[in-house]
Structure formats: C-alpha cells, structure tokens
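The primary structure of each chain is shown beneath.
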Amino acid sequence: LDSRRQWYRYHHLFADLLRHRLETESPERSRDLHLTAARWFAEHDEPIEACRHLADAEAWHELARYVIRCAGAQMLGVQRHALTEVLRRMPVELALEDPEIATAAVVSSYAEYDASGMRAHLAQARSTLDRLAGLDADITEAVLSALDAVVARLDSDAEAQATNAARALTFLDRLPPGALPALPAYRTGAQVFLAMGTLWTGHFDQAEEVLTRAQDSLRGHEHEVPALAVDIHGHL
C-alpha cells in the first residue's frame with residue numbers, strides 16, 4: 001500500500017478465510033493476537049486502532065485504562081465518533097464494579113452529549129473509587145473532576161463548572177511526568193472549562209488570563225483538538 005512496502009492488506013475474502021481458520025483451529029489464540037496488535041498500535045500512536053483491538057479481545061478493563069490515560073484525548077479531536085463506536089461495545093454492567101470502566105463509560109456518554117448517562121456513570125465511578133489506590137486513584141480522580149465540569153456545563157451551572165475545572169487542574173498538576181499521556185489535552189480542556197465558567201460569572205480578567213494561557217499551550221497543536229481551539233478563540 002505504500003512506497004516503503006511496510007503497509008499491506010489481504011484481499012477481504014482471503015482475510016475472512018484466515019480469520020475463519022484461526023477461529024476454528026486456534027480460537028484461544030485470538031485474544032492474545034488482538035492484545036499484541038493493540039500494544040503495537042498504541043506504541044505507534046494509533047489510539048483508535050489500539051482501542052478496537054482491545055475491544056475485539058474483550059479486554060474491557062485494559063480498554064478502560066487505555067481510554068482514561070491515552071485515547072480519551074481523541075474525544076476532543078476528529079476521532080471522536082470512531083472512539084464512541086468502540087466504547088459502545090463495552091458491557092455497561094461492568095461499570096457497577098470497576099471504577100475505571102465506569103469512568104470510561106462517562107467518557108462515552110460525554111461523546112454523545114448524554115448528560116443523564118454521565119451523571120449515572122459518575123456516581124458509579126465515585127461509589128467504587130476506593131478500590132483504586134496511589135497513582136491509579138489520582139489519575140481517575142483528575143479525569144472524573146474534569147468530567148464533572150462537563151456535566152456542569154451541560155447543566156448551565158457556570159460556578160460549578162469553574163469549581164470542578166479548577167479541581168481537575170489541581171489533580172492534573174500533581175501527577176508525575178509521563179503518568180498520563182493524554183495530560184496536555186486534559187489540562188487544556190480543563191483550562192477552557194475554567195475560563196468559560198469564570199467568563200459566564202463575570203470574572204472577565206481572570207477568564208482572559210486563563211484563555212490566553214490555554215491558547216499559548218495549544219499553539220502549534222490546534223489541529224489535534226480543534227474543538228478546544230474553537231472554544232478558546234471564540235471565548236477570547
């Protein structure tokens with residue numbers, strides 16, 4: 001498929017035949033192969049493909065952790081719909097027992113602007129959050145706080161939006177370097193939500209300061225999170 005002869009594909013009928021042979025002769029290998037593919041795509045900065053293979057492997061906990069730490073940033077970019085399609089495959093009943101799966105379910109509801117779904121999954125995540133410890137708990141809390149700000153925005157509660165966004169930034173700033181690959185997108189998103197909340201409550205100088213800071217941090221990367229770029233420039 002390319003001039004360097006590194007990318008290829010099989011004819012779809014031949015590919016179907018190979019998959020059928022795998023399922024009939026070595027069905028137990030399918031999950032391991034999908035996990036291997038997921039790791040490869042994750043290492044080569046292809047988060048959506050990595051998520052698809054994790055879903056194909058039915059590795060729901062691993063998918064949730066990957067969404068929280070890496071792929072969740074795609075919700076702010078052009079891959080939003082593709083990630084939503086993958087997350088729809090996740091069994092919702094698992095969110096009752098696993099705070100990270102519940103958090104990923106909040107992200108999925110956010111992608112569809114489903115405020116009631118977000119509230120329900122936020123409650124599930126917080127009710128089981130004590131099952132996490134250390135860095136896992138801090139990362140999940142940071143993401144949940146950012147999602148609390150999203151719910152407040154959907155509810156048109158500017159004060160709660162600003163409060164939750166500021167809380168999210170506090171948690172994000174505590175994380176050690178490299179702990180959260182999606183950190184730049186989450187931080188910019190939280191800054192924008194903080195700025196919008198302060199703007200709508202009449203704190204114009206503070207809103208301009210936060211928006212300008214977010215604009216500076218996003219410069220050169222606007223194409224990665226176009227929705228945030230539009231929000232920043234529009235509110236400025």
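Scroll up to find the structure.
Cut-offs used in this document
- Residues numbered from 1 in each chain as written.
- Predicted model: local features only at pLDDT ≥ 70, side-chain atom pairs only at ≥ 80, totals over all residues.
- Heavy atoms only, no water.
- Salt bridge = Lys/Arg side-chain N within 4 Å of Asp/Glu carboxyl O.
- Helix = DSSP H or I, 4+ residues; strand = E, 2+ residues; numbered from the N terminus.
- Buried < 20%, exposed > 50% of the residue type's maximum accessible area, 1.4 Å probe, protein only.
- Axes fitted to C-alpha atoms, helices over the stretch in contact; angles between N-to-C directions.
- Parallel < 35°, antiparallel > 145°, perpendicular 65-115°, else oblique.
- Contact = heavy atoms within 4.5 Å.
- 1 Å grid on protein atoms, 1.4 Å probe; cavity = no way out; pocket = protein on both sides within 12 Å on 5 of 7 lines; lining within 4 Å.
- Points joined across faces, edges and corners; volume = space filled by probe spheres on them.
- Nonpolar A, V, L, I, M, F, W, Y, C, P; charged D, E, K, R; others polar.
- Expected span 1.5 Å × (residues − 1).
- Polar contact = N/O pair within 3.5 Å; in protein donor to acceptor, adjacent residues only side chain to side chain.
- Arc of directions from axis to C-beta.

Caption draft 1: How the structure looks around the pattern of salt bridges. All told, the structure shown has 19 salt bridges when counted by the stated rule. Across the pair Arg 52 and Glu 49 runs a salt bridge, and its minimum N-O distance is 2.5 Å. Placement of the pair is Arg 52 and Glu 49 together in helix H3 (residues 47-56), with a separation of three residues, close to one helical turn. A relative accessible area of 32% places Arg 52 in the partly exposed class. Between Asp 136 and Arg 65 there is a salt bridge, with its nearest N and O atoms 3.5 Å apart. Pair noted here: Asp 136 is in helix H8 (residues 134-154) and Arg 65 is in helix H4 (residues 60-69), with a separation of 71 residues, a long-range link.

Caption draft 2: Fine view of the packing of H3 against helix H5 (residues 80-87). Viewed as axis vectors pointing N to C, H3 and H5 meet at an angle of 10°, and their least axial separation amounts to 10 Å. Considered as vectors, H3 and H5 are oriented roughly parallel to each other. Contacts from Ile 48, Cys 51, Arg 52 and Ala 55 of H3 reach H5 at Ala 82, Leu 83 and Val 86.

Caption draft 3: Spotlight on empty space enclosed by the protein. All chains considered together, the criterion is met by one cavity of 30 Å³ or more. In this structure, the largest cavity occupies an estimated 190 Å³ of space. Mapped by element, the contributors of at least two residues to the lining of the largest cavity are helix H6 (99-111), H8 and helix H10 (183-200). The residue inventory of the lining of the largest cavity, partitioned by class, reads 13 nonpolar, two polar and no charged.

Caption draft 4: Just H6, in detail. Taking 1.5 Å per residue, 13 residues should reach 18 Å; H6 reaches 19 Å between its end C-alpha atoms and fits that length. The buried count for H6 comes to 13 of 13 residues, which makes it a mostly enclosed element. With a side-chain oxygen positioned 2.9 Å from the backbone nitrogen of Glu 100, the residue opening H6 is Asp 98.

Caption draft 5: Just helix H12 (residues 226-235), in detail. Residues of H12 that are buried: Leu 228, Ala 229, Asp 231 and Ile 232. With its buried residues spanning 165° around the axis, H12 presents them on a single face. Exposed residues lying more than 90 degrees from the buried face of H12 are Val 230 and Gly 234. In this fold, the buried residues of H12 make contact with H8, H10 and helix H11 (204-218).

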